[in-house]
Amino acid sequence: MSYNKRDRILAFLILLPSILLLAVFVYGFIGWTGLVAFSKWDGVEPNYEWAGLENFRMLFTSAGGIAAQRFSIDLWNTLFFTLFFLLICVLIGLLLAILLDQRIKWEGVFRTIYLFPMSLSFVVTGVVWQWIFAPGTSSRPRGINALLHMVGLDSLRWKWYTDTRAIGHFHLALIPVIIAASWQLIGYTMAMYLAGLRSIPEELREAARVDGASEWQIYRHVILPLLQPITLSALIVLGHISLKIFDLVYTMTGKGPGFVTDVPGIFMFETTFQGNHYAQGAAISIVMLLMVAVVVIPYLIYNFRREVEL
Amino acid sequence: MKRFNPARLGIYLLLILFALVFLLPVYVLLVSSFKSFAEVQDLSRMWALPSGLYWESFRAAWFGIPEKGLRGLAPNLRNSIYLTVPATIISSLLGSLNGYILSKWRFPGANVIFPLMLFGMFIPYQSILIPLTQTLAAIGLGGTLWGLILVHVVYGLPITTLIFRNYYAEVPTELIEAARIDGAGLLGVYWRVLFPLSIPGFVVVIIWQFTNIWNEFLFAVTILQNPDLQPITVALRNLSGSQIKEWNMVMAGALIAAIPTLLIYILLGRYFIRGLLAGSVKG
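Along every chain, residues carry numbers that run from 1 in the direction the sequence is written. Written order determines the labels here, with chains lettered from A and ligands numbered from 1. Two thresholds apply to this predicted model, a pLDDT of at least 70 for residue-level local features and 80 or more for giving and counting side-chain atom pairs, whereas whole-chain, interface and lining totals are computed over all residues.

Across its full length, chain B holds 13 helices and two strands. The globule rule is 2.2 Å times the number of residues to the power 0.38, and the radius of gyration it is compared with is taken over C-alpha atoms. The C-alpha radius of gyration computed for chain B amounts to 24 Å, which surpasses the reference 19 Å derived for 283 residues by more than 25%, pointing to a less compact arrangement than a globule. Along the longest, intermediate and shortest principal axes, the C-alpha atoms of chain B span 75 × 70 × 30 Å. Residues are treated as contacting if the C-beta atoms built from their backbones sit within 7 Å of each other. Nonlocal contacts in chain B, meaning residues at least 24 apart in sequence, comprise 74% of its contacts between residues at least 6 apart. Secondary structure elements are defined from DSSP: runs of H or I of at least 4 residues count as helices, runs of E of at least 2 residues count as strands, and each element is numbered from the N terminus.

This is the structure in structure tokens:
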């Protein structure tokens, strides 16, 4: 199609406000935050005096004292949270999708039940699961502990998200948070896999059946390989959610005793907006941005290349 | 009728088991909300059904308990509506126009601009919060609902543009050619050809934006310090974080906060899922 000059300019003018807004609010602000991260801004009044890597040194070396200890715990927590959260969402999401793909009666009802948590706020999820996992006391158990007490399984009672025990660097208190986050996003993974399964032509399965493949073999050798791109998308989407998670943990448990459930998002928020240590908060957020960028940028480039080839 | 098949029975049992686990929090939410204040204090009966339907938790969540210094959520629910409706409409309209230009009027540089726009929806918003609060304060929008609306419009642009771009890419180019031969210009094509075809696209985008903005917490808690202006998510978190915990009131509040998006999901789930999948399947 040939466009006349007037329309070409008009097209550009329509796009321009959005481009400018995003240029400023995304890229300009990231640069600005970077500047703050290298500044001496500590207190309500901005102070852009150059501090070099000082704010990062406070996070990553023993010079930072308690802040460095906290940040180290945060990074370990993020690692384990992300690992288990992704694993649970992908495995159970895939399982539910495959089960629902077996010509199930009331498929719509089951689907609706598995997916409804996606429509809720992380704040609602956090509030409800906080109540469910609240441990209570040994004489007055609450939540799951009360349930365990009722069925006589008192030996399984523990302090859930207030527990300070750890296996290596993995704080057990993260388990309830991982369960709550998975509860909210398993349905999302399931929906992605289900859409993927539905897009696989029936002839492909038929052909495999004619060749004498069992249902298990069809899944193992035909269907699962075709779902790989979906797994990649799911991992990226869930991964970037878990790397920057804030609302859910902040509402459900907060930083926890001894930072057992702390994450960089909470550390950044408290440091910046409650402690007024702006430069320190900016440095935390830059580390968060780098973690997400490492995951997302290759994915965007990969997707984009694929699209250009099409 | 099929013969009895133990494998299929197993599948159904597994599906039902998972459904029960998924509904467990809903059960807790409902039974806690409908208990009386006296009943909810007895923690040993936390999992038991309420002895009757008591509405006092909802009344407390809605109006607050002034003598205990607990605020009601009604004004915050109203704030959420004032925030979500304009932000959703503006970001959807802008996304539609952007999507149209990017899908049908490819120009040099578009292939670079689009992924750069998309990156904006993945960033941890912590990394822009400090400049954001400074800028809003400088332009006189700090601590206001309009400031938060602006923020949601801007950071909603990547996803709304993406969904509409993919949606319009499916519209046959012949339709546009035909309109152009009839003398329609850039905006004429949009108004006469694409906009009338956009209703399903708008439903998807509006549901998606409404749900996200309604549920959002980080921007709201950072930008709005004034409790009279805060949306319901922030007020709910304040309620559950306060020293005096009236659990049935918190649960009833959570239910009130969840109902609008939950209703949309139940009534228009098909469109909700489309938005969900659009957010993950790029390009």
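Read on, since the account is not over.
To continue, consider the overall build of chain A. Along its length, chain A carries 13 helices and two strands. Seen through its C-alpha atoms, chain A measures out along the principal axes to roughly 80 × 70 × 30 Å. Per-residue burial for chain A yields a buried fraction of 45% across its 310 residues. Expressed as a percentage of contacts within chain A between residues at least 6 apart in sequence, the contacts between residues at least 24 apart total 64%. Our exposure labels follow a C-beta count within 10 Å of each residue's own C-beta, placed from the backbone: buried means 20 or more other C-beta atoms, exposed means 12 or fewer, and partly exposed covers the counts in between.

For the rest of this paragraph, the subject is the domain arrangement of chain B. All names here are of chain B. Either an automatic procedure or a domain database provided the assignment from which the domain bounds are taken. Per the domain assignment, the segments making up chain B are domain 1 (6-60) and domain 2 (74-278). With centres defined by C-alpha atoms, the gap from domain 1 to domain 2 works out at 33 Å. Counting from both sides, the interface comprises nine residues of domain 1 and, opposite them, eight residues of domain 2. Looking at the side of domain 1 that touches domain 2, the elements with two or more residues in it are α1 (6-33), α2 (37-41) and α3 (56-63).

Our focus in this paragraph is the environment of Arg70(A). When you line up the elements, Arg70(A) lands in helix α3 (residues 66-100). Between the C-alpha atoms of Arg70(A) and Thr137(A), which are 67 residues apart in sequence, the distance is 27 Å.

Quick look at the confidence of the model for chain B now. Residues of chain B with pLDDT of at least 70 account for 97%, and the chain-wide mean is 91. Per the prediction output, this complex has pTM 0.94; the corresponding ipTM is 0.93. One confidence number per residue, pLDDT, is output by the predictor and ranges from 0 to 100.

Here the focus is the interface of chain B and chain A. Across the boundary between the two partners, chain B contributes 69 residues, which contact 78 residues of chain A. Residue contributions to the side of chain B that touches chain A peak at 14 residues, all from helix α13 (residues 247-278) of chain B. Split by residue class, the side of chain B that touches chain A holds 49 nonpolar, 17 polar and three charged. Note that Gly is not counted as nonpolar here; it falls among the polar residues with everything else outside the nonpolar set of Ala, Val, Leu, Ile, Met, Phe, Trp, Tyr, Cys and Pro and the charged set of Asp, Glu, Lys and Arg.

Here the focus is the environment of Asn248(B). Residue and element names in this part refer to chain B. By secondary structure assignment, the location of Asn 248 is in helix α13. Overall, the presence of 26 C-beta atoms within 10 Å leaves Asn 248 in the buried class. Residues Asn 248 and Ser 32 lie 216 residues apart in sequence; the distance between their C-alpha atoms is 5.2 Å. If near-sequence neighbours (up to four positions away) are discounted, Asn 248 is found in contact with Ser 32, Ser 33, Lys 35, Phe 37, Val 40 and Ser 57.

In this section: the nonpolar core. The tendency in soluble globular proteins is for nonpolar side chains to be buried side by side. Grouped together as the largest cluster of nonpolar side chains are 179 residues, with contacts concentrated most on Met190(A), Val249(A), Ile128(B), Leu148(B), Leu236(B) and Ala254(B). When residues of this core are assigned to their parent elements, the largest contribution, 16 residues, is made by α13(B). If we ignore the near neighbours within four places in the chain, the residues touching Val249(A) are Val177(A), Thr261(A), Val263(A) and Ile266(A). We define a nonpolar core as a collection of buried residues of the types Ala, Val, Leu, Ile, Met, Phe, Trp, Tyr and Cys that are connected via C-beta atoms lying within 7 Å of each other.

If you trace the backbone, Met46(B) turns up in the loop between α2 and α3. Sequence separation of Met46(B) and Val31(B) is 15 residues, and the distance between their C-alpha atoms is 8.2 Å. Contact partners of Met46(B), with chain neighbours within four places excluded, come to Arg142(A), Gly143(A) and Ala146(A).

This part is about helix α9 (residues 186-197) of chain B. Each helix should span, by expectation, one fewer than its residue count multiplied by 1.5 Å. For α9(B), with 12 residues, the first-to-last C-alpha span of 16 Å sits near the 16 Å given by 1.5 Å per residue. For α9(B), the full list of buried residues reads Leu186(B), Val189(B), Tyr190(B), Val193(B) and Leu194(B). The buried residues of α9(B) occupy an angular sector of 125° when the element is viewed end-on, so they sit on one face. Buried residues in α9(B) make contact with α1 (5-37) of chain A together with α4 (74-104), α7 (145-169) and α8 (173-181) of chain B. Directions pointing from the helix axis toward each C-beta atom define the arc.

Each pair of packed helices can be described by the angle between their axes along with the distance between the axes. Residues and elements named next belong to chain A. Helix α7 (residues 174-198) packs onto helix α5 (residues 122-133) with a crossing angle of 135° between their chain directions and a minimal axis gap of 10 Å. In terms of orientation, α5 lies oblique with respect to α7. Relative to α7, the crossing made by α5 is right-handed. Listed contacts from α7 to Thr 125, Gly 126, Trp 129 and Phe 133 of α5 are Pro 176, Ala 180 and Gln 184. Here the contact of α5 with α7 is built from residues that sort into four nonpolar, three polar and no charged. To obtain each axis, a line is fitted to C-alpha atoms, and for helices this fit is confined to the stretch in contact; angles are then taken between N-to-C directions over 0 to 180 degrees. Here roughly perpendicular refers to angles of 65 to 115 degrees, roughly parallel to angles under 35, roughly antiparallel to angles over 145, and oblique to all remaining angles. Should the near helix be turned anticlockwise from the far one by less than a right angle, the crossing is left-handed, and should it be turned clockwise, the crossing is right-handed.

Once that is clear, we can look at unusual backbone geometry. Residue and element names in this part refer to chain A. The phi angle at Arg 103 is positive, at roughly 50°, despite the residue not being glycine. Locating Arg 103 in the fold gives a position in the loop between α3 and α4 (107-115). On the basis of neighbour counts, which here come to 7 C-beta atoms within 10 Å, the residue Arg 103 falls in the exposed class. The residue Asn 276 is not glycine, and still its phi comes out positive at about 60°. The residue Asn 276 is located in the loop between α12 (264-274) and α13 (278-309) in this model.

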